Amino acid sequence: MGDRLLPEPTRANPSPAVAACSEAEAIEVLESEDGLPMAAEDNHRAGRNQNPSTPTCCPKTKLPSQQPHTDHPLLSRTQCDSSRGQKHVRKHWKALFDQFDPESTGYISTEKFRNLLQRHGSELDPHKLEVLLALADNNSDGKICYQDFVNLMSNKRSNSFRQAILQGNRRLCSKALLEETGLNLSQRLIRHVAYETLPREIDRKWYYDSYTCCPPPWFMIVITIVEVAFFLYNGVVLDRFVLQVTHPLYLKNSLLYHPQLRAQAWRYLTYIFMHAGIEHLGLNVVLQLLVGVPLEMVHGAARIGFVYVAGVIAGSLAVSIADMTAPVVGSSGGVYALISAHLANIVMNWSGMKCQFKLLRMAVALICMSFEFGRAVWLRFYPSAYPPCPHPSFIAHLGGVAVGITLGVVILRNYEQRLQDQSLWWIFVSMYMVFVLFAVFWNIFAYSLLDLKLPPPP
């Protein structure tokens, strides 16, 4: 912890049940049994304007000052889930804060908060203690809410907590995560992912401490397996694995997008399971695994899945508007959404990104993207084996890029923050919905008004 490490104080030993339980278990018990609501930013601010005797952020109940005596030996993790262990844990953690909050206001001053850390800081994870010190040092209101303490200990950060930490010039007291030694292979992998995707040291340490690989990055792995399985199946059926799209029966598949079958709405999404050939599939799979899996490990399947699917849908809709006579195949829309969001995040946070060889990595990613995009452009204008219908369009790539540098950037920039509290998020979501509605009406009316000569249905 460096110069700011505090000497371990002399204090009463915690009960055996407390010693056997992890911090996360302690706070889960505390939150479930005490009914403490997660602090929202408006409640936190409102609490500061009310009478200190009226708790607003975290209603509390006075507890006896003495812990019950127990003669039981150290409890196992299973026994710690029992009601007796939960009772000891709950009283232990609430008693820490109650010692400095005798009036049960739900707040203590930053000075008292630092005293609490001096007396009990050795019980905390070093990285969490570091964040708590940053919270105390940079809180301009002079008060610390008990719920913020709970949020930290349970790996849940509310907006008010994050804003409190970000106030002022925050200095991290201990050595950087990159300098830590004695890590095993999985720990080094998690640390590597943190430095590849997160621009701030405090977020890297938070992620390193809280990541448990549960659930694993299942979305990108599952979607990749399904894409490869469909490609192999089509390769066996068509007896062709290179440039499958040139086979006369290729367009008869019910998954790809075809302009004559645009009323079948599922095709705007399922076309990702069809690829033009093994060269097309290979590039998409490599890119989405190298970029998508680390991003999903940090941001979760919900966020990365949303960016991926939004890029896929935007890609097919963009083709239906800008290249109205061409079919669409491949997952390039979703892949390009993830890659463009990641690269834009690196550029926007260039000084904070500590990933090794970041300039070289960006150059390699751009070269691969350019090669894949150039292949798609060449294939689009290559003479078709069945002249009535052209080869698949490349416009889906551009639709994915547009999603990545709008929605994707907002999602990747706000690590573990609630997106519904971000005004920029709502702006880009609104823009995306307007685009989708416009594309829907375009597909309903424009094709007949423009009197296009579409290729015959397969």
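Keep in mind that what you see is a predicted model, and the values were worked out from it rather than measured.

> Run through the overall build of the protein, naming residues and quoting values.
Helices and strands together make up the secondary structure of the protein, namely 18 helices and 2 strands. Expressed as a percentage of the 458 residues in the protein, the buried residues total 53%. Intrachain contacts of the protein at a sequence separation of at least 6 include 76% that bridge at least 24 residues. Of the roughly 21,700 Å² of accessible surface on the protein, 62% is carried by carbon and sulfur atoms.

> How would you sum up helix α16 (residues 358–381)? Please name residues and give values.
End to end, α16 covers 35 Å across 24 residues, agreeing with the expected 34 Å (1.5 Å per residue, within 8%). For α16, the full list of buried residues reads Lys358, Met362, Ala365, Met369, Glu372, Arg375, Ala376, Leu379 and Arg380. In this structure, the buried residues of α16 make contact with α14 (278–322), α15 (332–348) and α17 (395–413).

> Which residues make up the packing of helix α10 (residues 185–197) against helix α11 (residues 201–210), and what values do they have?
Close contact between α10 and α11 brings their axes to 9 Å; oriented N to C, the two are set at 145°. The chirality of how α10 crosses α11 is right-handed. Every residue of α11 that contacts α10 at Gln187, Ile190, Arg191, Val193, Ala194 and Tyr195 is listed here: Glu201, Arg204, Tyr207 and Tyr208.

> I'd like a rundown of the nonpolar core, residues and numbers included.
Ranked by internal contacts, the top residues of the largest apolar core, which has 81 residues, are Tyr207, Met220, Tyr250 and Tyr308. With 17 residues, the top contributor of residues to this core is α14. If you look at the next biggest cluster of nonpolar residues, it comprises 9 residues, including Leu96, Phe97, Phe113 and Ile144.

> Tell me about unusual backbone geometry, and please be specific about residues and values.
That bond from Cys214 to Pro215 is cis: its omega, 5°, falls within 30 degrees of zero. Residue placement: Pro215 occurs in the loop between α11 and α12 (218–238). The phi angle at Cys213 is positive, at roughly 60°, despite the residue not being glycine. Tracing the chain through its elements places Cys213 in the loop between α11 and α12. Judged by its relative accessible area of 40%, Cys213 falls in the partly exposed class.

> Talk me through the side chain of Glu296; I want residue IDs and the actual numbers.
Position of Glu296 among the secondary structure elements: in helix α14. Comment: no salt bridge for buried Glu296; closest opposite-charge side chain is Arg303, at 12 Å. A polar atom in the side chain of Glu296 sits 3.0 Å from the backbone nitrogen of Met220. When sequence neighbours within four positions are dropped, the list of residues in contact with Glu296 reads Pro216, Pro217, Trp218, Phe219, Met220, Ala301 and Ile304.

> Lay out the side chain of His258 with the relevant residues and their values.
Note on placement: His258 falls in the loop between α12 and α13 (267–270). The residues touching His258, leaving out its near neighbours within four places in the chain, are Leu251, Pro327, Cys389, Pro455, Pro456, Pro457 and Pro458.

> Give me the lowdown on the environment of Leu283, citing residues and values where you can.
As for its position among the elements, Leu283 is in helix α14. Along the chain, Leu283 and Phe371 lie 88 residues apart, while their C-alpha atoms are 9.2 Å from each other. Residues in contact with Leu283, not counting those within four places in the same chain, are Phe371 and Glu372.

> A description of the packing of aromatic side chains should follow, citing residues and the corresponding values.
Under the criterion given, the structure shown has 12 aromatic pairs. Their ring planes at 45° and their centres at 4.8 Å tell us that Trp378 and Tyr382 sit as a pair that is tilted. Tyr382 sits in the partly exposed class, given a relative accessible area of 39%. Each member of the aromatic cluster is reached from another via a ring pair, and the members are Trp218, Phe219 and Tyr308. Across from the ring centre of Tyr447, 3.7 Å away, lies the NZ or CZ of Arg262, which sits over that ring. Positioned above the aromatic ring of Phe381, the side-chain terminus of Arg380 is 5.6 Å from the ring centre.

> How would you summarise the confidence of the model for the protein if you had to cite specific residues and measurements?
For the protein, per-residue confidence averages 75 on the pLDDT scale, and 67% of positions sit at 70 or higher. Mean pLDDT in the protein bottoms out at helix α3 (residues 41–48), which sits at 38, and peaks at α13, which reaches 96. Across residues 1–82 the pLDDT falls below 50, and counting only partners more than four positions away or on other chains, this stretch makes 145 contacts in the model. For residues 167–173, every residue scores under 50 in pLDDT, and the model assigns this stretch 18 contacts once sequence neighbours within four places are set aside.

> Quick rundown of the packing of α14 against α16? Include the residues and the values.
Look at α14 against α16: their axes get within 11 Å of each other, and the N-to-C directions meet at 150°. It follows that α14 is roughly antiparallel to α16 by the angle criterion. In this structure, α14 crosses over α16, and the sense of that crossing is left-handed. Here Glu279, His280, Leu283, Asn284 and Leu287 of α14 come into contact with α16, specifically with Cys368, Phe371, Glu372 and Arg375.

> Can you tell me about α17, naming the residues and giving the values?
Three or four residues apart is the spacing at which side chains of an α-helix point the same way, because the helix has 3.6 residues per turn. The end-to-end C-alpha separation of α17 is 26 Å, in line with the 27 Å expected for 19 residues at 1.5 Å each. Bending of α17 peaks at approximately 40° at the position of Leu407.

Reading guide: rules and limits
Residues numbered from 1 in each chain as written. Predicted model: local features only at pLDDT ≥ 70, side-chain atom pairs only at ≥ 80, totals over all residues. Heavy atoms only, no water. Helix = DSSP H or I, 4+ residues; strand = E, 2+ residues; numbered from the N terminus. Buried < 20%, exposed > 50% of the residue type's maximum accessible area, 1.4 Å probe, protein only. Contact = heavy atoms within 4.5 Å. Areas by Shrake-Rupley, 256 points an atom, 1.4 Å probe, with all protein chains shown as cover. Expected span 1.5 Å × (residues − 1). Axes fitted to C-alpha atoms, helices over the stretch in contact; angles between N-to-C directions. Left-handed = near helix turned anticlockwise from the far one by under 90°. Core = buried A, V, L, I, M, F, W, Y, C linked by side-chain atoms within 4.5 Å. Lys, Arg positive; Asp, Glu negative; His and termini not counted. Salt bridge = Lys/Arg side-chain N within 4 Å of Asp/Glu carboxyl O. Polar contact = N/O pair within 3.5 Å; in protein donor to acceptor, adjacent residues only side chain to side chain. Phe/Tyr/Trp six-rings, centres within 6.5 Å; stacked < 30°, edge-to-face > 60°. Lys NZ or Arg CZ within 6 Å of the ring centre and 35° of its normal. pLDDT = per-residue confidence, 0-100. Parallel < 35°, antiparallel > 145°, perpendicular 65-115°, else oblique. Bend = angle between axes of the 7 residues up to and from the residue.

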